[in-house]
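Now for the letters of each chain:
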Amino acid sequence: MEEKGTENGTAAMAACYQRFDPAAYLQYNYTPPRADFEREDSIVPWKLACLHRAFSEGDVSGELLVDIGSGPTLYQVLSGCEVFNKVLLTDFLEINRQELRRWLQDETSCSMDWTPYLQHVCKLEGRSPSAWIEKAAKLRKVITDILPIDVHRSHPLGPDILPSAGADCLVSSFCLESVSPDLAAFTRALGHIGRLLRPGGHLLLIGALEESYYLGGPGVKIPVVPLTEAQVCASLKENGYTLIRLEVYTLPQDMRVGVDDVTGVFFVKAKKD
Ligand SMILES: Nc1ncnc2c1ncn2[C@@H]1O[C@@H](CSCCNC[C@@H]2Cc3ccc([N+](=O)[O-])cc3CN2)[C@@H](O)[C@H]1O
C-alpha cells in the first residue's frame, strides 16, 4: 500500500501524463542531434552500444525479456530480441501502447521510422545494415504482447501475467525517475519491478541524471526526480541488486536542446540477488 502522501504524488504524476504527446516526444529525443548515427558522441548510438554489449557479452540468457515503461519507443529491445524468444512491452498510457502496436502491425501511420535504428544495431552485431529487414521481422515475431503497467503498484503488471518464476531480464529506459515524485517513490518503484524478475535475472536500467523536468509535448512540462549516480546505486543495493556495471554519458552542449534539463545519462547492468 502506498502512504497517503506518496499516493497523492503518484496521482499527480499520472495526471501530468494525460497530456503526453508521443509524436512530439519522439521528435524531441529520437531525431538528430540526440539520434545522429553519424556522430560518435550522439546519445542514442551510445545507448544502443551499451545495450548491445550488455545483451551480447554472454551472461544474459533465458526466455522472457520485459521492457518496463516502453513509452512509444522500441530501441531498448533491438539487441534483446536476438537473445530472448519472448519480449513484453509495457506502458502506462494507451496512446503509447497504440503507437507500438501500429509499428508491430507494420502500419504506415506510426510516428517513427525505426529503420536507421535497426540498421545501426545490425552494424553493431557485425551484420550488413540491409539485415534490418530480418531484424524487424524478428522483433515482430518475439514481441508477444504490449501490456498496461503502473510501477507504483506493488504488482505493476497485475496478477498472473508473468510465469511464477518471473522474467529472465528487465530493461527500462528513462521511466522510473520520470514517473516518481521523489527519491523514495523511485526506490519503491525499483523494488516493485524487481519482483517481476527472477533471482539471478538481469536488470538493464537507463535513466537521466540530475533531470528535474522534461517536455512530454508542446508546453507539457513533466517533473522528474533529479538523481545522482550515488542515489541510483543506493536504490539498487536497497532492492537486492548487485551492480555489474554503471556507465555515464555526459551531454555535450549541443545535445541540450531545451526539451529537458538532463545533464547526464546512466546505464546500469545489474543482477538480482
Ligand atoms: N506509473 C507509471 N508506471 C509505468 N510507466 C509510467 C507510469 N507513468 C507514466 N509512465 C510512462 O513512462 C513514460 C516513459 S517516457 C519518460 C521520459 N523520460 C524523460 C525524458 C527521456 C529522455 C530521452 C532521451 C534523452 N537523451 O538525453 O537522449 C533524455 C531524456 C530525458 N527526458 C511514459 O511512456 C509514460 O507513459
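These numbers come from a predicted model, not from an experiment.

J.: Explain the site of the ligand residue by residue, including any values.
T.: Around the ligand there are 24 residues in total, and D91, D150, F174, S178 and E211 lie nearest to it. At a separation of 2.9 Å, a nitrogen atom of the ligand approaches a polar backbone atom of F174. Burial of the ligand by the protein amounts to 98% of the accessible area it has alone, namely 740 Å². At a threshold of 2 Å from the grid points, most atoms of the ligand map onto the largest pocket. Within the residue set of the shell around the ligand, elements represented by two or more residues are α2 (22–29), α3 (43–56) and α7 (176–179). Along the lines of polarity and charge, the residues of the shell around the ligand split into 13 nonpolar, five polar and six charged.

J.: With reference to specific residues and values, describe the pairing of strand β5 (residues 197–209).
T.: When you tally the buried positions in β5, you get 10 out of 13 residues, the bulk of the element. Bridge count for strand β4 (residues 167–173) against β5 is six bridges, and the pairing is parallel. Of the residues in β5, the one forming a bridge with S172 is L205. The sheet contact formed by β5 and strand β9 (residues 264–272) spans eight bridges and is antiparallel. Note on β9: the bridge partner recorded for I206 is F267.

J.: Give a description of the nonpolar core that names residues and reports values.
T.: Residues Y30, Y75, W103, W114, Y117, L170 and L203 are the most contacted members of the largest nonpolar core, which totals 87 residues. Ranked by the residues each element gives to this core, the list is headed by α3, at eight residues. In this structure L203 touches L170, L190, I193, L197, L236, Y241, V268, K269 and A270, once residues within four positions along its chain are discounted.

J.: Lay out the UniProt feature "binding site: S-adenosyl-L-methionine" (unreviewed entry) in the protein chain in plain terms, naming residues and giving numbers.
T.: Under the local residue numbering, the UniProt record ascribes the feature "binding site: S-adenosyl-L-methionine" (unreviewed entry) to Y25, Y30, G69, S70, Y75, D91, N96, D150 and V151. A maximum C-alpha distance of 23.9 Å is found for the annotated residues, which run over 127 residues; spatially they are spread out rather than grouped. As for the lining of the largest pocket, the annotated residues named previously contribute Y25, Y30, G69, S70, Y75, D91, N96, D150 and V151. Among the structural elements, Y25 can be located in helix α2. According to the relative accessible area criterion, Y25 is buried, its value standing at 12%. Considering the arrangement of structural elements, one finds Y75 in the loop between β1 (64–68) and β2 (86–91). Discounting residues that sit within four places of it in the chain, Y75 has contacts with Y30, K47, L48, L51, W114, Y117, S173 and F174.

J.: Kindly report on the layout of surface pockets, identifying the contributing residues and their values.
T.: Remark: the empty space left among the atoms is shown by a probe the size of a water molecule rolled over them. The computed volume of the largest pocket comes to approximately 790 Å³. What lines the largest pocket is a set of 48 residues, and nearest its centre among them are Y17, F174, C175, S178 and V179. Those elements giving two or more residues to the lining of the largest pocket turn out to be α1 (4–16), α2, α3, α7 and α8 (183–194). Ranked by residue count, the leading element in the lining of the largest pocket is α1, at five residues. Looking at the lining of the largest pocket residue by residue, the classes come out as 24 nonpolar, 13 polar and 11 charged. Forming the walls of the second largest pocket are 14 residues, and the residues nearest its centre are H155, G158, L162, R195 and L196. Grouping the amino acids of the lining of the second largest pocket by side-chain chemistry returns seven nonpolar, five polar and two charged.

J.: How would you explain the packing of aromatic side chains if you had to name every residue and give the values?
T.: For the structure on display, the rule yields nine aromatic pairs. Ring geometry for F20 versus Y25: centroids 5.1 Å apart, planes at 50°, classification tilted. Like F20, the residue Y25 is buried in the burial classification. Joined through ring pairs, the aromatic side chains of Y17, F20, Y25, Y30, Y75 and Y214 make up one cluster. Positioned above the aromatic ring of W103, the side-chain terminus of R140 is 3.8 Å from the ring centre. Between K221 and the ring centre of Y213, over which it is positioned, the NZ or CZ distance is 4.4 Å.

Thresholds, definitions, all that
- Residues numbered from 1 in each chain as written.
- Predicted model: local features only at pLDDT ≥ 70, side-chain atom pairs only at ≥ 80, totals over all residues.
- Heavy atoms only, no water.
- Near = heavy atom within 4 Å.
- Polar contact = N/O pair within 3.5 Å; in protein donor to acceptor, adjacent residues only side chain to side chain.
- Areas by Shrake-Rupley, 256 points an atom, 1.4 Å probe, with all protein chains shown as cover.
- 1 Å grid on protein atoms, 1.4 Å probe; cavity = no way out; pocket = protein on both sides within 12 Å on 5 of 7 lines; lining within 4 Å.
- Sits in = over half its atoms within 2 Å of the grid points.
- Helix = DSSP H or I, 4+ residues; strand = E, 2+ residues; numbered from the N terminus.
- Nonpolar A, V, L, I, M, F, W, Y, C, P; charged D, E, K, R; others polar.
- Buried < 20%, exposed > 50% of the residue type's maximum accessible area, 1.4 Å probe, protein only.
- Pairing = 2+ DSSP bridges.
- Core = buried A, V, L, I, M, F, W, Y, C linked by side-chain atoms within 4.5 Å.
- Contact = heavy atoms within 4.5 Å.
- UniProt positions renumbered as here; feature names shortened; annotations may be inferred.
- Points joined across faces, edges and corners; volume = space filled by probe spheres on them.
- Phe/Tyr/Trp six-rings, centres within 6.5 Å; stacked < 30°, edge-to-face > 60°.
- Lys NZ or Arg CZ within 6 Å of the ring centre and 35° of its normal.

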